[in-house]
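# Residue-level structural notes
Each chain, letter by letter, is given below.
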Amino acid sequence: MTYRESKANSSDAHVKQQQLFGPEPLPWEEADLDDLAAAQLVFNRPVDTAFDYLIPEHLRGQLQPGHRVLAPFGRGDRLCAGFCVGTSRPQRREGLKSVYKLLDDRPLLSAHMLELTRWIADRYLCAWGQVLETVIPAGVKNRAGTREVLMLELNPETGPAENRIKLPPKQAAVLQVLSAAGEPLPAERVARAASCGPGPITALRRKRLIRAFSARSELEDADVAAAAQDPNLVLNADQQRALDRILGSLRQQQHATFLLYGVTGSGKTEVYIRAIQEVVGYGRQAIVLVPEISLTPQTIRRFRSRFPAVAVLHSHMSDAERHRHWQQISAGRVQVVVGARSAVFAPTPHLGLIVIDEEHETSFKQETAPRYHAREVARRRAEQENIPLILGSATPTLESWRRAQEGPDELLTLPRRVEGLPMPPVVIVDVRHDPLRRKGAAIGRALLTAIRSALEAQGQVILFLNLRGYSPVLWCRSCGAAVKCPHCDVSLTWHKEREAVVCHSCDYHAAPPATCPSCGAADLQYLGVGTQRLEQEVRTRFPGAPCVRMDSDTMRKPGSHDKALESFRHGDVRILLGTQMISKGLDFPNVTLVGVIDADTVLHQPDLRSTERTFQLIAQVAGRTGRSRKGGRVLVQTSCPAEPAILKAAEHDYASFAHAELEHRRQMRAPPYEHLARVIVRGPDEKMALAETRRIAELLRSAIAADALPVRLIGPAPAPVARLKGRYRFHFQLSAAGIEPIQQLWHSVAGKFKIAPEVEFAVDMDPINLR
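Note that the coordinates shown come from a computational prediction; the quantities given were computed from them, not determined experimentally.

What counts as what
- Residues numbered from 1 in each chain as written.
- Predicted model: local features only at pLDDT ≥ 70, side-chain atom pairs only at ≥ 80, totals over all residues.
- Heavy atoms only, no water.
- Helix = DSSP H or I, 4+ residues; strand = E, 2+ residues; numbered from the N terminus.
- Buried < 20%, exposed > 50% of the residue type's maximum accessible area, 1.4 Å probe, protein only.
- Contact = heavy atoms within 4.5 Å.
- Areas by Shrake-Rupley, 256 points an atom, 1.4 Å probe, with all protein chains shown as cover.
- Lys, Arg positive; Asp, Glu negative; His and termini not counted.
- Charge placed at Lys NZ, Arg CZ, Asp CG, Glu CD.
- Arc of directions from axis to C-beta.
- Polar contact = N/O pair within 3.5 Å; in protein donor to acceptor, adjacent residues only side chain to side chain.
- Expected span 1.5 Å × (residues − 1).
- Pairing = 2+ DSSP bridges.
- Core = buried A, V, L, I, M, F, W, Y, C linked by side-chain atoms within 4.5 Å.
- Axes fitted to C-alpha atoms, helices over the stretch in contact; angles between N-to-C directions.

## Examining the overall build of the protein
Scanning the protein from N- to C-terminus turns up 22 helices and 31 strands. For the protein, the spread of C-alpha atoms along the three principal axes comes to 100 × 65 × 60 Å. For the protein, the proportion of its 771 residues judged to be buried stands at 53%. Long-range contacts, defined as pairs at least 24 residues apart, comprise 76% of the intrachain contacts of the protein with a sequence gap of at least 6. For the protein, the exposed surface amounts to about 34300 Å²; the carbon and sulfur share of it is 50%. Side chains of the protein carry 100 positive and 85 negative charges; the gap between the two charge centres is 4 Å.

Encoded structure:
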């Protein structure tokens, strides 16, 4: 382990107030303004303002943009952590507070990252300080994995003493250790090397022959070691054509955004890897974003088997692990950063390429402030760095598809699977009159026969159902009401394993009621099928076929995901069933059948993207089969067999689906033809929340009329989920062809809202979740 001297104190904003306050910096009342320096600070508050602070003399030359500092904030002058976003000469002296201290020995944010975060704040209508707080991981801010240590060094003022002064042997040994090292060493290490206790060290300090100071230990290196390195695969003509176009942009050092549209199994990952190899060959770094759900051991191994230094960032990392990776990435010792949404902020000093795999995934949009979309942030960062961005998907978002069709993005296609394998045939099964389904079974007659045939032929089966629990609805036959969460406008789901009804929105859980909460009748019935019930049915019907269920209830333990997939890969498990986590990124050649239990779960949700998501889910899960010469097929159970999204997914015809859906969106004036900003107002009192929603909407409507802005205000109305976590919710939308009118409107009015203390509001620019 190595150590470095810390120029900054390790105190954080959460340290107790009495420990933080010391003597106030002296006021520079006699100093000329030209002799003073000011820092512009932003704080993690919903206030989009940079505040001027005087820089104390002892911090001048140290404090730079990108540093975190401690400074008094607010009327009570409570010390708060803030970010320095600029320095200048102050225009005035009166009323300015002073920076209290630095929190880090070097800036955590580069000039590029400061510019990017400012853009995010403007683009997503949030405060700059909130963005900066999100960009820096907690483990980095808290210096997780390090500790304060006592460091020793020879006193340069006294010079070498062992030849001038006769010292006891132990003291002489200490000096010899420090002299040989030529750099400061931890006291513990010096004592070990000199075979002494603290006494000789204390004596040398008193004689002023050595100097001691506190420092923070360096982190141990993170595990970025490579696995055994695999050779490159042979590219087919389609892959080579796409790669050549990407390499052309790289070699010309030009920014370009490429949409790599390739059917499932077409070899998109190999194109990414070959492009990254070119970047690494220049001594530069690459960021690869994948959905959290796709960060499987298989994905990680694929990159680590091709590159010597790969850092993997995911939500299950400890703070210390995240801190270690951050330090190695920022030092340039990592070639490839693979991670979920927040990895777009990885502090790569030599970034050469950004890749977003499965770019259609909704998890790339953050649901809490700052509500950024990683795709748009990556686009902006790639433009800043003048590097290519690759968006890959078999089912691109309509936003990305339109940009690639009409510009400015470039479309690259991989229309065929590698090795000439055919796409699996998809059979749409109408289950409205299926005798087994009418009896409450999840698996209809056709799918049951197909599973038996696949197992008899020694194949494996994947069953997809995007509903957790045993039964998603508890229904009263007397009054017809569903039993809902007492805190949310959401039906409770029966989890048989927990023997509880659970709210999937707020995690409320209770024993199942004996009577209906609405009418008091003891006539409750469990309706619908979740993954628990599907598992029970599979085990009952196929007792000789080992099965495993993968959903967020079963995959909570560390390593459980890897264990389940490895069992399936080795054939120990014959049937794999689960939710979205089995629909992406899995490549198992022995899978000869995929069954979609209910294709309608997303289709009828009150969401403008419901048909798009239905197409994506069916196409993605269908892509898990037919990946070897054994072939495969897909059965899709549905009560809406004529639905265009389901028909086009069965035909593997994304282009036709996108063309029809885009025309429908254009007529509706919906995204991607218009930008939306959704404003959600919530509060514990329904009437007050509604009144505040109407008041805010009226302020915005008046501003639209006064400035003649090309913005539509739609609403207000109750949100689709009208109550969530005990708060009533109302919303309205702002719609415009460009984003600038919405930004202009919001910035002109937001300061006038003066919302009631009990009520909260949030604004979501280009929302994905419309619940």
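## Some thoughts on helix H7 (residues 198–206)
For H7, every residue scored as buried is listed here: Pro200, Ile201, Ala203 and Leu204. One side of H7 holds all its buried residues, which, seen down the axis, span an arc of 160°. Exposed residues on H7 whose side chains face more than 90 degrees from its buried face are Pro198 and Arg206. Buried positions along H7 lie against strand E7 (148–154), helix H5 (169–181), helix H6 (187–194) and strand E9 (210–217). The first or second residue beyond H7 is arginine 208, which carries a positive phi of 60°.

## Structural notes on the side chain of aspartate 766
As for its placement among the helices and strands, aspartate 766 is situated in the segment after strand E31 (760–765). Reaching out from aspartate 766, the side chain makes a polar contact with the side chain of arginine 123 at a distance of 2.7 Å.

## Let's talk about helix H11 (residues 319–330)
Helix length check: H11 (12 residues) gives 16 Å between terminal C-alpha atoms against 16 Å at 1.5 Å per residue, within 8%. All of the buried residues in H11 are Ala320, Arg322, His323, His325, Trp326, Gln327, Gln328 and Ile329.

## Side note on the environment of lysine 725
As for its position among the elements, lysine 725 is in the loop between strand E29 (712–724) and strand E30 (727–736). Those residues in contact with lysine 725, other than ones at most four positions away along the chain, are His487, Cys488, Ser505 and Cys506.

## What about the environment of phenylalanine 307?
Locating phenylalanine 307 in the fold gives a position in the loop between helix H10 (297–304) and strand E12 (310–313). Residues phenylalanine 307 and valine 334 lie 27 residues apart in sequence; the distance between their C-alpha atoms is 9.7 Å.

## Description of the sheet that holds strand E20 (residues 493–495)
One open sheet accounts for 3 strands, arranged E20-E21-E22; its pairing is antiparallel. Two strands in the sheet have a free side with no partner beyond their single neighbour: E20 and strand E22 (509–510). As defined by bridge partners, strand E21 (residues 500–502) adjoins E22 across 2 bridges and the pair is classed as antiparallel. Of the residues in E22, the one forming a bridge with valine 502 is histidine 509.

## Here's the deal with the nonpolar core
Counting residues in each nonpolar core, the largest one holds 110 residues, and the members touching the most others are Phe345, Leu576, Leu700, Leu734 and Leu745. In terms of residues, this core owes the most to one element, helix H18 (residues 610–622), which gives 6 residues. Ignoring any residue separated from it by four or fewer positions in sequence, one finds leucine 745 in contact with Leu700, Ala703, Ile704, Leu709, Val711 and Leu734. Listed in part, the 33 residues of the second largest apolar core include Ile246, Val271, Leu295 and Val312.

## Describing the sheet that holds strand E16 (residues 410–414)
Reading across from one edge, E12-E13-E11-E14-E15-E10-E16 is the order of the 7 strands in this open sheet, with parallel pairing throughout. The open sheet is flanked by E12 and E16, the only strands paired with a single partner. If you compare each strand with its neighbour and ignore which way they point, the axes differ by 20° on average. Pairing geometry for strand E11 (residues 285–289) and strand E14 (residues 351–357), over 5 bridges, is parallel. By the bridge assignment, alanine 286 is partnered in E14 with leucine 353. The strands touched by helix H9 (residues 268–281) are strand E10 (257–262), E11, strand E13 (336–339), E14, strand E15 (389–393) and E16; relative to E14, the strand with the most contacts, the crossing angle is about 170°.

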